[in-house]
Every structure is written in C-alpha cells, then in structure tokens.
2 protein chains.
Amino acid sequence: MSSSTALLTDQYELTMLASALRDGTAHRECTFEVFTRRLPHGRRYGVTGGIGRVLEAIENFHFGEAEIAQLADNEVVDDRTIEWLRDFRFSGQVDGYPEGELFFPGSPLLTVRGTFAEAVVLETLVLSILNHDSAIASAAARMVSAANGRRIIEMGSRRTHEESAVSSARAAYLAGFTATSNLEAGRRYGIPTAGTAAHAFTLLHDSERSAFESQVAALGTGTTLLVDTYDISNGIQLAVEVAGPDLGAVRIDSGDVGVLARQAREQLDDLGATGTRIVVSGDLDEYAIASLRAEPVDGYGVGTSLVTGSGAPTAEMVYKLVEVEDRPVAKRSSHKESRGGRKAAIRRYKKTGTAVEEVVFRPDSAAELGPHDRFLQIPLIRDGKRVEGLPTLEQDRQRLRHALVTLPWEGLKLSHGEQAIPTTFLQS
Amino acid sequence: MSSSTALLTDQYELTMLASALRDGTAHRECTFEVFTRRLPHGRRYGVTGGIGRVLEAIENFHFGEAEIAQLADNEVVDDRTIEWLRDFRFSGQVDGYPEGELFFPGSPLLTVRGTFAEAVVLETLVLSILNHDSAIASAAARMVSAANGRRIIEMGSRRTHEESAVSSARAAYLAGFTATSNLEAGRRYGIPTAGTAAHAFTLLHDSERSAFESQVAALGTGTTLLVDTYDISNGIQLAVEVAGPDLGAVRIDSGDVGVLARQAREQLDDLGATGTRIVVSGDLDEYAIASLRAEPVDGYGVGTSLVTGSGAPTAEMVYKLVEVEDRPVAKRSSHKESRGGRKAAIRRYKKTGTAVEEVVFRPDSAAELGPHDRFLQIPLIRDGKRVEGLPTLEQDRQRLRHALVTLPWEGLKLSHGEQAIPTTFLQS
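Nothing here was measured: the structure is a model prediction, and the numbers come from that model. (Residues numbered from 1 in each chain as written. Chains lettered and ligands numbered in written order. Predicted model: local features only at pLDDT ≥ 70, side-chain atom pairs only at ≥ 80, totals over all residues. Heavy atoms only, no water.)

Peer 1: Please clarify how the pattern of salt bridges should be interpreted in this entry.
Peer 2: For side chains bearing opposite charge, pairing can occur when the charged atoms are close. Residue and element names in this part refer to chain B. Taken as a whole, this structure holds 64 salt bridges over all chains when the rule is applied. A salt bridge links Arg209 to Glu241, with the shortest nitrogen-to-oxygen separation between them at 2.7 Å. Taken as a pair, Arg209 in helix H10 (residues 208–219) and Glu241 in helix H11 (residues 232–243) lie far apart in primary sequence, 32 residues in all. Residue classification places Glu241 among the partly exposed positions, given a relative accessible area of 46%. (Salt bridge = Lys/Arg side-chain N within 4 Å of Asp/Glu carboxyl O. Helix = DSSP H or I, 4+ residues; strand = E, 2+ residues; numbered from the N terminus. Buried < 20%, exposed > 50% of the residue type's maximum accessible area, 1.4 Å probe, protein only.)

In structure tokens form, the structure reads like this:
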C-alpha cells in the first residue's frame, strides 16, 4: 500500500477544489452523506464493510512531496491549490454506521462534515473502499447464513485484484467466514489463514499415494487431503490408508459435490474414519451452499462468487453534498434525486428483539426513540482524529452475527424479495 | 503498494512447498500454464491485460524479514521452508501472450517454467493480476468498439477497490480509452487524466451561474460544464452565457441521454456554440454506448460497468501444472479436465489480414507456419530477468487496436455469439 492515499482520487475532486479556493466557497461548511439508492436486485439487506479501512485511509490522506510534484508537473491544479494541498489534513467530523451493521436504501451510512475543500477531496477514496468492502460483506453474509453454522473458508484471492483480495478476506471474515487462504490478510488484519494443497501437488508426484504420504509427513494426519485429482473413491481409500482413521479432512473440488459428499461420508465411515471431515469447494455460491444443507458437508471453500460479490461487485454507494452552511441542497433534474439535509437513523425493535423498521429523519425533527430502538450512527472522527475506543473487527463481526438474528425470518431468505424491514423517511 | 508482493498468496502454495521440499519433489522441473476454460457468456473474444504488472510483481516477489517473521510466528510452514523462502528469487522462464492480444478458451496465455517450488509460489499473484486486468480490458475493448472512434473516459474509481481502480484505469487505457479520472493511474502509468466538476460543485454555490462563472474563471472556457444539476435546458443556456460560444463541452449525467444530447446539440448550435462538445455519462455500458451511435455525442464517461467488467468481473483464468520433468500431467476426475503438456499457439490469417483461426499445439508437434501466420507467445522472463525491449503500454495499446481490425466483422458484434475465430487443438 502506498503510504499516501491522496492520489487514489478522481481528478475532478481537485479541479473543483481549485475553482472553489479561487472563489472562496471552498471554506463553506458542508455535509456530505454516503448512501445507496437501491440494494442489488432482490437482496433483502446490505452489510456495511470497510468503515475501519476508511478511517485509516483518511488519516493517511495527505499530499507528500511526490504527490505534490505529480500534480504540479502535470498542471492538474494551480499554485494556490498546490499550496493548500501541501498542508492538508482532514480536520472535520465523521459519523457513520459501524462495520457489520445492516443497511437499506437511503440509510445515512457515513456523514462527513467539514469545509467543502476538506470533505470533497475524500469522496473517491471513501466510496472506493465502502463500495468494495460492503459489496463483499453483503454477499458473504448471505453465504454465512446459508452455511448455517458450518465452517466456511474464503479462497477467492486468485479471482480478483491482488489488493481487493486482501480486503475481500477482511470483509468475509467480518461477515462470519471462518478463515481465509490469503496470507497478507492474515498479516494485515490478524485473520486466521488456512490451506493445504492443490491438484498440482498430486500431479507433481509419481503417484497419488506418494503425494498423500508426503503431505501427511509434512503437515500431520490432521491435514486436509484433496481427493479428486483422479478417482474420488480411490482417493478417499488411499487417504485413509496413508493417514489412518484420524485424517483431519478430505476436500472435494469438482463434480456434483452433494452426491459425492454423501458417498464420501459413507466410505469414510466404513473405513472407520468417522471423525474425518468433508470439505467441498469449486464454484460455490450462497445458493449452492444452501442446497448442500442436508448433505454431510463439514465445511465450504468459497472463491469466485465471494470476491465478485455474487453478482453485485459494487454496493453502488454515492457521496452526496446534502448541506451547505445549514442549507439543505439536492440535485433535482431527474430520477437521481437525493433528499437534501443531514440525516440521522434509528432502528426500531419489538420487545422480543425483532427489528421492525428503520427510520431516517432530519436530526432536528421529532423522531421519538422507543425503549427498544437505537441510533445507528456512531461518532467515528472528531476534529480529524479517530474517536478512541472504536469497535474492533472482532466486535463488528459479533455485531453482524447479532444483527442478522434480529431480522424477521423472511429477511434472511436467499430468494429475491423486498428489503428485510421497511425504511420510513420522516419529513422535517 | 507493498514493496514485497510475496504474501499476496494463498497459504496452500506455501504448505505445498513445505511438503515438496521435505520429499525432494520441490526441485522437479515443471511447466505451469495460464488459460481460461471459457469466455464470459456470449463474449466473442477476450483481451489480455496485466502482463506488464505480472512481470513487475514477479520481480518484487521475495520474502523480506517482515514476511518471514509473519510466516514463522504463525507457524504457517516449517524452518526448512522458511530458509528456502529467505533466499527466494524466481529464476525460471516465462513466455506469454503480450498485453493487448486477443485470446480464446484454451489459449496458453502464460507459460511458467522452473522448479515446482519457484513456479508454484507465483500462482495466486499471477492469477489475481491477470484475472482482474484481463476482465477489465476485455470489457473495455467492447466499449471502445461501441464508441466507434469517439472519446471515452474511464471514471469508475469510486465503484471498485481503490487499488483495482488504478489497475482498471490502466487496463481501460490499454483497451483504447482516451483518459482516466484516476490521478494515481496518471502517476503510476503516465495515463492522461481528465475531470472538471461534479454536481456538488454547483450545489455548493448560491446559484448555477456563480458555479459556472467560478469554474470558467479557474479552468478556462475550454472546460466541461456539468449542466444537469437543475434544468438541463437552462443549464446549457447559462453555460454558453457564462463561457461564450467557445465553451469546450457540456456534460449530461442523467436522464435519457440520447434525447437530451439531440436537444442539447440543437440548443448549442442555436446559441452559436457549434464547436462545444457534448459528453454523456451515467451508468453507460457497451450497449448504451452503441445505442448512442446515431446521436450527436462527442464523448462518453464510463464508470461502474467498466470497473466491474460489465457483468464479468473476473476472467476466470487458471494456473495449471501441465508438465513435470517433460511428462505431461493433467487432472482427470471431472469436466474440469485440462490438456496436459506444454502448448504453443499461432494465429492464422488470410492474405487480406483477416484472422481465420487460432491453433494450439504441443511445441514438438508439426504445426506448419503459413506465410501470414504468427506465433502468439513472446519470451517475457529469462532466468528470472525480464527480457529487454518488451513492448510498452502504448505499443500494447496499438497492438489491440490492430488486432480488433483483423477479426471477421461478426467477431466485433456486441450481441451474444460464438468466439470470433475458432480454436483448433492439434494432438501431438
């Protein structure tokens, strides 16, 4: 990662800045809001991901000599703007939904307050992070629901950009995945890593037996042997011969994994390997995972569908100017209209803990907080500094686990439908 | 970017390494091949992207003290493997399709030869880069075709991971996009950058007029004014009043852009601004671009659909062991079968220059090279070092531009269909 995140930005943020510095409007106090206009087709909820990465990116958002030189050499902006950027540190306020929170269209996910200048330059980077990480977290949460308590490992690094891979592993873990194959995610975020062998390892050896013997010698009998390089039934037989009945697991990566898992379970049990787990992988998505619920599968490996957001690779969030010096503003030429003015949000619950609705309102209006309701935004940055004691990734992971339990049961269905709870927009 | 790319890797690459070092097979000479089993649904060709990034990543693939410590502390691999990794530099051979080349299912896109140890550890990173960049380049090429010579600007940074954004800008430029909004792509790859203002800039000001006046004062009359914040017709009137008939361009970001472009052209011409260009943006993909071909549009801004690969966010390439010490190997349990053995490829052309077929064959077999045929792979790395004089990004850009012209006309159709030219697999 670049130590400075400042050039991960659309040029127009800086040309707007240049014009606004010139006419003085750059110093107007503004509020920008991040929200999404819709959920991906048929999805019932979204999950916030990337908030922690956003806070870190804002802290690292400053223009060093290298960045300044790039802008000056290419005459992207004028000298006045260069001078302003040289000293830039965000000094404003940020509030938002924590990570691992459910969201719906119109939820005020992040509220950035500061001068126009300091808030506008953050737009691209904030959206890049939230759109990516929330897309992955939202898809991942559905997969975790479908896995219904079974282990689920993220292994999609090879199917996405090498840095998206690291962030995808983080978002998947947030959403309840057990581990990741990605070593950099292990290093950067302390996420448990997993992985043993691919088909290449078997093909490298003179026989499947010698490959299994080698792996067991190196990694122990608790390892996972990949049994579908040649014939699965032979592979399983051989695996137990080599490792004994204490073999940790077998992995099946191809074919009709439901049928194969049943056959594998029977065969393993017959061989006395009753404790040997069965892990399946290979083009699984939330629907495939759900369809395996009745099969004797102990764990899932999920790749492509996770890192591509299972059909929705971006959360399509936008970062919109909603207030200028306490005056609500909004574009109004088309269907892309926004609601002007800063918003707050609460989620209402029944006494039983089931979520009932989300209420979005102007902070100065009169939304009554019931005994079981709660505010959804928390303070994230104050005067440019991260608020102390923000939730950890583990806490955010627990938050989501809990939040999903609060949804009405139909909100967790994988099929296309309405959003899990309705959103009410109160007019001020 | 991390200076070391070595942990952008799946754990199992290293556990396989550990087992293979222990049993001695790690030193067997191997060939791995990158190919894709299919094109995205209905696509007629793919475009290689990311080869240059792969070569750089391989050069930076070494384990520094920080990476070694991470592996040791977490007991990912044993001491022997740690010692081996400490000295690791790839010392093998890489051949492949250059960037900006067309490809089809089964094309041997990259061939990595070396010991099992040194070739297997590159798998994840090589695939991450190629799968991402080729997905973007493939989608981008269709958009450039659809734009039919008109300017097309990449502006999707906010809808994808912040580092994917930079690589997406690169892949789009490779495929013929004119410029990018992403400043880091400008710095890292020398790609032209573009951008002027968003709706927020207009909303910030007390009136649309004062926003336009400010922008023109700062950026000159050659700038692009965004005219759809309030009423488009008023916006255009005002834009020409403020900037005069020499206004560079107006941008329309919402609504039925075809109809609006026609009205805008008429209005601009009536106002004497006959040279003012019309740029459209807002959820454009290759189909929307094509549908605007008859409209007076001078340029396109493309965001989400570009960075998400327009429905195909990954190229689904795989990295398969195909030869161990000159012995062809292949998995054979299922439909995921691969063709064993190292492959070469030529593309055959008519005398007129039209491509006819791609031929994939074992290098020791007898594929005859006709007078208009050419080999598709070029040497990329020799004994661990990048071959000198490899094509530049600009040259690769020209390569693609030329390659698309050689396709039979139906190969460029946007509609779903067969691959543009057939691939023949010769048996050795």
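Peer 1: Please explain the relation of the copies chain B and chain A as it appears in this structure.
Peer 2: Copies of the same chain, two in number, are related to each other by a rotation about an axis and a translation along it. Overlaying chain B with chain A gives an RMSD of 0.0 Å, the required rotation being 180° about an axis along which the chain moves by 0.0 Å. Viewed as a symmetry operation, the transformation between the two copies matches a two-fold axis. The fraction of interface residues of chain B whose copies in chain A are also interface residues reaches 100%, indicating that both copies meet through the same surface. (Least-squares fit on C-alpha atoms with pLDDT ≥ 70 in both. Contact = heavy atoms within 4.5 Å.)

Peer 1: I tried to follow the side chain of Lys343 of chain A on my own but got confused; where do I start?
Peer 2: Note on placement: Lys343 of chain A falls in the loop between strand S13 (327–328) and strand S14 (344–349). Separated by 2.8 Å, the side chain of Lys343 of chain A and the backbone oxygen of Gly341 of chain A make a polar contact. (Polar contact = N/O pair within 3.5 Å; in protein donor to acceptor, adjacent residues only side chain to side chain.)

Peer 1: Honestly, the packing of helix H1 (residues 11–23) of chain A against H10 of chain B in this entry has me stumped. Any pointers?
Peer 2: A pair of packed helices is captured by two measures, namely the crossing angle of their axes and the spacing between those axes. Packing of H1 of chain A against H10 of chain B leaves a shortest axis separation of 9 Å and a crossing angle of 105°. As summarised for this structure, H1 of chain A and H10 of chain B are arranged roughly perpendicular, according to the angle between their axes. Side by side, H1 of chain A and H10 of chain B meet where Thr15, Ser19, Arg22 and Asp23 of chain A of the first sit next to Ser214, Gln215, Ala217, Ala218 and Leu219 of chain B of the second. Along the lines of polarity and charge, the residues of the contact of H1 of chain A with H10 of chain B split into 3 nonpolar, 4 polar and 2 charged. (Axes fitted to C-alpha atoms, helices over the stretch in contact; angles between N-to-C directions. Parallel < 35°, antiparallel > 145°, perpendicular 65-115°, else oblique. Nonpolar A, V, L, I, M, F, W, Y, C, P; charged D, E, K, R; others polar.)

Peer 1: Hey, could you run me through the interface of chain B and chain A in this one?
Peer 2: Interface size is commonly expressed as the accessible surface area that is lost when the partners come together. Contacts between the two partners involve 97 residues from chain B and, on the opposite side, 97 residues from chain A. Summed over both sides, the interface of chain B with chain A buries roughly 8,100 Å², with 55% coming from carbon and sulfur. Considering only the side of chain B, the residues that lose the most area to chain A are Arg158, Leu183 and Leu204 of chain B, jointly responsible for 10% of the buried surface there. Our enumeration of links across chain B and chain A arrives at 14 salt bridges. The shortest N-O distance in the salt bridge between Arg158 of chain B and Glu123 of chain A comes to 2.8 Å. Counting across the chain B and chain A interface gives 55 residue pairs in polar contact (both at pLDDT 80 or more). The element best represented in the side of chain B that touches chain A is helix H1 (residues 11–23) of chain B, accounting for 10 residues. (Buried area = accessible area lost by both parts, 1.4 Å probe.)

Peer 1: Whenever I open this one, the packing of aromatic side chains confuses me. Can you help?
Peer 2: In this description, a pair of aromatic rings is defined by centroid distance and the angle of the planes. A complete count under the given rule lists 12 aromatic pairs over all chains for this structure. Relative to Tyr319 of chain A, the ring of Phe32 of chain A has its centre 4.9 Å away and its plane inclined at 25°; by these criteria the two rings are stacked. Of this pair, Phe32 of chain A sits in strand S1 (residues 29–36) while Tyr319 of chain A sits in strand S12 (residues 317–324), and the two are 287 residues apart along the sequence. Accessibility expressed as a relative area gives 1% for Phe32 of chain A, which makes it buried. The buried category is assigned to Tyr319 of chain A, whose relative accessible area is 3%. Both rings, one in Phe361 of chain B and one in Phe375 of chain B, keep their centres 6.4 Å apart while their planes meet at 50°; by these two values the pair is tilted. In this pair, Phe361 of chain B sits in strand S15 (residues 355–361) while Phe375 of chain B sits in strand S16 (residues 374–375), placing the two residues 14 residues apart along the sequence. For Phe361 of chain B, a relative accessible area of 4% gives the class buried. Relative accessible area serves as the criterion here: at 47%, Phe375 of chain B is assigned to the partly exposed category. By the ring-pair criterion, three or more aromatic residues cluster together here, those being Phe61, Phe63, Trp84 and Phe88 of chain A. A cation sits over an aromatic face here: Arg339 of chain B above Phe425 of chain B, 3.7 Å from the ring centre. (Phe/Tyr/Trp six-rings, centres within 6.5 Å; stacked < 30°, edge-to-face > 60°. Lys NZ or Arg CZ within 6 Å of the ring centre and 35° of its normal.)

Peer 1: Hey, could you run me through the environment of Leu17 of chain A in this one?
Peer 2: Residue and element names in this part refer to chain A. Locating Leu17 in the fold gives a position in helix H1. For Leu17, a relative accessible area of 0% translates into the label buried. Through-space distance from the C-alpha of Leu17 to that of Leu85 is 9.6 Å; in sequence the pair is 68 residues apart. Here Leu17 is in contact with Thr81, Trp84, Leu85, Ala117 and Val121, once residues within four sequence places are set aside.

Peer 1: I tried to follow unusual backbone geometry on my own but got confused; where do I start?
Peer 2: Excluding glycine, residues mostly carry a negative phi; peptide bonds, for their part, are mostly trans. Residue and element names in this part refer to chain A. One non-glycine residue, Asn148, adopts positive backbone phi at about 55°. Mapped onto the elements of the fold, Asn148 is located in the loop between helix H6 (123–147) and strand S6 (151–154). With a relative accessible area of 51%, Asn148 lands in the exposed category.

Peer 1: Explain the environment of Gly24 of chain B to me, please; I cannot follow it from the model alone.
Peer 2: Counting through the fold element by element, Gly24 of chain B comes out in the loop between H1 and strand S1 (29–36). Sequence spacing of Gly24 of chain B and Gln263 of chain B is 239 residues, and the spatial spacing of their C-alpha atoms is 73 Å.

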